[in-house]
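Structural overview for review
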Amino acid sequence: MSNPQELTQEALAAIARAQTEAEVAAIEVDYLRRKNGRLSSLLSEIGKLPPEERAALGQAANEAKRAIEAALAAKRQELEEARLADIAETEAIDITFPGPPLGRGHLHVLTQVQRQIETVLESMGYQVELGPEVETEWYNFEALNIPPGHPARENWDSFYFTPDLLLRAHTSPVQIRAMQRIKEPPIYIITPGRCYRRDAPEATRLPYFSQVEGLAVDKALTVGDMKGTLLYMIQSLYGEERKVRVRPSYFPFTEPSFEFDVTCGICAGAGCKSCRHKGWLEVGGCGMVHPQVLRNGGIDPTKWNGYAWGFGIERMAMLKHDVEDIRLFYESDLRFLEQF
Ligand code: PHE
């Protein structure tokens, strides 16, 4: 029979050799298990000893137990540290390493269409001019020949902050602002931006939308100049097979005034469900700038004349991509947006 000191030496040697947590656990069981562990087996012999030696053996056994437990704990800590050091090495973060590629988004389809319009018109010498979305009643109405009480105000009903301050109902007020700023024609500007109207949301209209307005002021401009410019713009954006037409209409700030239509891209003008069997889709209004509007902008209508148009950017995007419901542009549904 070995004594506790020998047993301890043996156990410590085994622990020192152990390489894994599993081996450590096996040693623990082997030596310290209550039932049939080596230490308990040793103690089970205690009864055979003369009584005066029993206490000494008991004490030695306790010391052996503490020594083995301490060695096991130290070994375990050593193995854990080695494991962590290993992870630190193999899974170290190299901050100079390029990260995983980010999913990149892209410009919203309305921004894309707006920029395409700008690009085409800039190539014809137009400059982009921006105006405020919070506008005064004078710029939004009066300066455009729509005095208080004029029935046409109904068409541009908007959201008011005060009787004099509102969210602009169209981009036309920027016509006046551009004339005031530039002062001396020729003036060739386009002005894209957000507009607001008191309309309930539906498939073809929203209370917020974007327009792009164009204004040309020069000498002896004609409806033909205007129509040619707009035809060039439409065909540049949608392809040369598109046709355009102007229909007589009424706006207080143009004379004569027209609605501007483009042939439907789905049926090429033959008539289908999406153009309500008309073959044509309306994109906005246009006309020759009313002399009073020129005067309100500080320009002499006996020397200069001009044309202007205001098209809905959503309408133009719907026309380009055959989108049937204007609300889709603002719902932020990736299934829709990722198509463009
Ligand atoms: N401002 C008009 C609208 O919002 C469109 C328009 C602009 C018409 C310029 C003629 C000239 O409906």
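From a predicted model like this one, the values you see are computed outputs, not experimental measurements. (Residues numbered from 1 in each chain as written. Predicted model: local features only at pLDDT ≥ 70, side-chain atom pairs only at ≥ 80, totals over all residues. Heavy atoms only, no water.)

The tally for this structure, following the rule as stated, stands at 12 aromatic pairs. On the basis of an interplanar angle of 50° and a centroid distance of 6.4 Å, the ring pair of Trp-156 and Phe-251 is categorised as tilted. Of this pair, Trp-156 sits in the loop between helix 6 (137–140) and strand 3 (160–162) while Phe-251 sits in strand 7 (residues 244–251); the two residues are 95 residues apart in sequence, bridging distant segments of the chain. Both residues of the pair, Trp-156 and Phe-251, belong to the buried class. On the basis of an interplanar angle of 85° and a centroid distance of 5.0 Å, the ring pair of Tyr-208 and Tyr-330 is categorised as edge-to-face. (Phe/Tyr/Trp six-rings, centres within 6.5 Å; stacked < 30°, edge-to-face > 60°. Helix = DSSP H or I, 4+ residues; strand = E, 2+ residues; numbered from the N terminus. Buried < 20%, exposed > 50% of the residue type's maximum accessible area, 1.4 Å probe, protein only.)

Right, let's talk about helix 10 (residues 313–321) for a bit. Considered for burial, the residues of helix 10 that qualify are Ile-313, Glu-314, Met-316, Ala-317, Met-318 and Leu-319. Asp-322 lies just past helix 10 and shows a positive phi near 55°.

So, on to a nonpolar patch on the surface. Judged by side-chain polarity, Val-134, Phe-161 and Leu-165 come together as a nonpolar surface patch covering roughly 260 Å² of accessible area. Along the polypeptide, Val-134 turns up in strand 2 (residues 134–136). (Patch = residues over 30% accessible without salt bridge, like charges linked within 9 Å, V, L, I, M, F, W, Y side chains within 5 Å. Areas by Shrake-Rupley, 256 points an atom, 1.4 Å probe, with all protein chains shown as cover. Salt bridge = Lys/Arg side-chain N within 4 Å of Asp/Glu carboxyl O.)

Here we take up the layout of surface pockets. If you roll a probe as big as a water molecule over the atoms, it shows you where there is empty space left. By volume, the second largest pocket is sized at about 170 Å³. Contributing to the lining of the second largest pocket are Leu-32, Arg-33, Arg-34, Leu-39, Ser-40, Leu-43, Ala-61, Asn-62 and Lys-65. Considered class by class, the residues forming the lining of the second largest pocket number four nonpolar, two polar and three charged. (1 Å grid on protein atoms, 1.4 Å probe; cavity = no way out; pocket = protein on both sides within 12 Å on 5 of 7 lines; lining within 4 Å. Points joined across faces, edges and corners; volume = space filled by probe spheres on them. Nonpolar A, V, L, I, M, F, W, Y, C, P; charged D, E, K, R; others polar.)

If you trace the three strands from one edge of the open sheet to the other, you get 2-4-3, paired in antiparallel fashion. Every interior strand has two partners, whereas the edge strands, strand 2 and strand 3, have only one. With direction set aside, neighbouring strand axes in the sheet form an average angle of 30°. One ladder, built from three bridges, connects strand 2 with strand 4 (residues 165–167); its direction is antiparallel. Bridge pairing in strand 4 places Glu-135 opposite Leu-166. (Pairing = 2+ DSSP bridges. Axes fitted to C-alpha atoms, helices over the stretch in contact; angles between N-to-C directions.)

In terms of burial, strand 8 (residues 254–263) is largely enclosed, as eight of its 10 residues are buried. Across seven bridges, the pairing between strand 7 and strand 8 is antiparallel. Within strand 8, the residue paired with Pro-248 across the bridge is Phe-258. Adjacent in sequence and paired antiparallel, strand 7 and strand 8 are bridged by two residues. In this structure, strand 8 lies alongside strand 9 (residues 280–289), joined through eight bridges in antiparallel fashion. Bridge pairing in strand 9 links Val-262 to Leu-281.

This paragraph deals with the side chain of Thr-229. Relative to the helices and strands, Thr-229 is located in helix 8 (residues 223–238). Within the structure, Thr-229 has its side chain in polar contact with the backbone oxygen of Asp-225 (distance 2.7 Å). With sequence-adjacent residues up to four places away left out, Thr-229 is seen in contact with Leu-121, Met-124, Tyr-126 and Tyr-307. (Polar contact = N/O pair within 3.5 Å; in protein donor to acceptor, adjacent residues only side chain to side chain. Contact = heavy atoms within 4.5 Å.)

What follows concerns the pattern of salt bridges. Across all of its chains, the model carries 17 salt bridges by this definition. Between Glu-135 and Arg-177 there is a salt bridge whose closest N-O contact spans 2.7 Å. Linking Glu-135 in strand 2 with Arg-177 in helix 7 (residues 173–182), this pair joins segments that are 42 residues apart in sequence. Judged by relative accessible area, Glu-135 falls into the buried class, the value being 0%. Between Arg-327 and Asp-325 there is a salt bridge whose closest N-O contact spans 2.8 Å. Via salt bridges that share partners, Arg-245, Arg-247, Asp-261 and Glu-282 belong to a single interconnected network.

So, about the packing of helix 1 (residues 4–17) against helix 4 (residues 51–90). Helices that pack against each other are described as a pair by the angle of their axes relative to one another and the distance between those axes. In the contact formed by helix 1 and helix 4, the axes pass within 9 Å of each other and the chain directions differ by 5°. Comparing the axis directions of helix 1 and helix 4 gives the class roughly parallel. Contact residues: Pro-4, Gln-5, Thr-8, Ala-11, Leu-12, Ile-15 and Ala-16 in helix 1; Leu-57, Ala-60, Ala-61, Ala-64, Ala-67, Ile-68, Ala-71, Leu-72 and Lys-75 in helix 4. Of the residues belonging to the contact of helix 1 with helix 4, the class tally is 13 nonpolar, two polar and one charged. (Parallel < 35°, antiparallel > 145°, perpendicular 65-115°, else oblique.)

As a further point, take helix 2 (residues 21–32). Between its first and last C-alpha atoms helix 2 spans 16 Å; for 12 residues at 1.5 Å apiece the expected length is 16 Å, and the two agree. Within helix 2, burial applies to Val-24, Ile-27, Tyr-31 and Leu-32. With its buried residues spanning 90° around the axis, helix 2 presents them on a single face. The inward-facing, buried residues of helix 2 contact helix 1, helix 3 (38–44) and helix 4. (Expected span 1.5 Å × (residues − 1). Arc of directions from axis to C-beta.)

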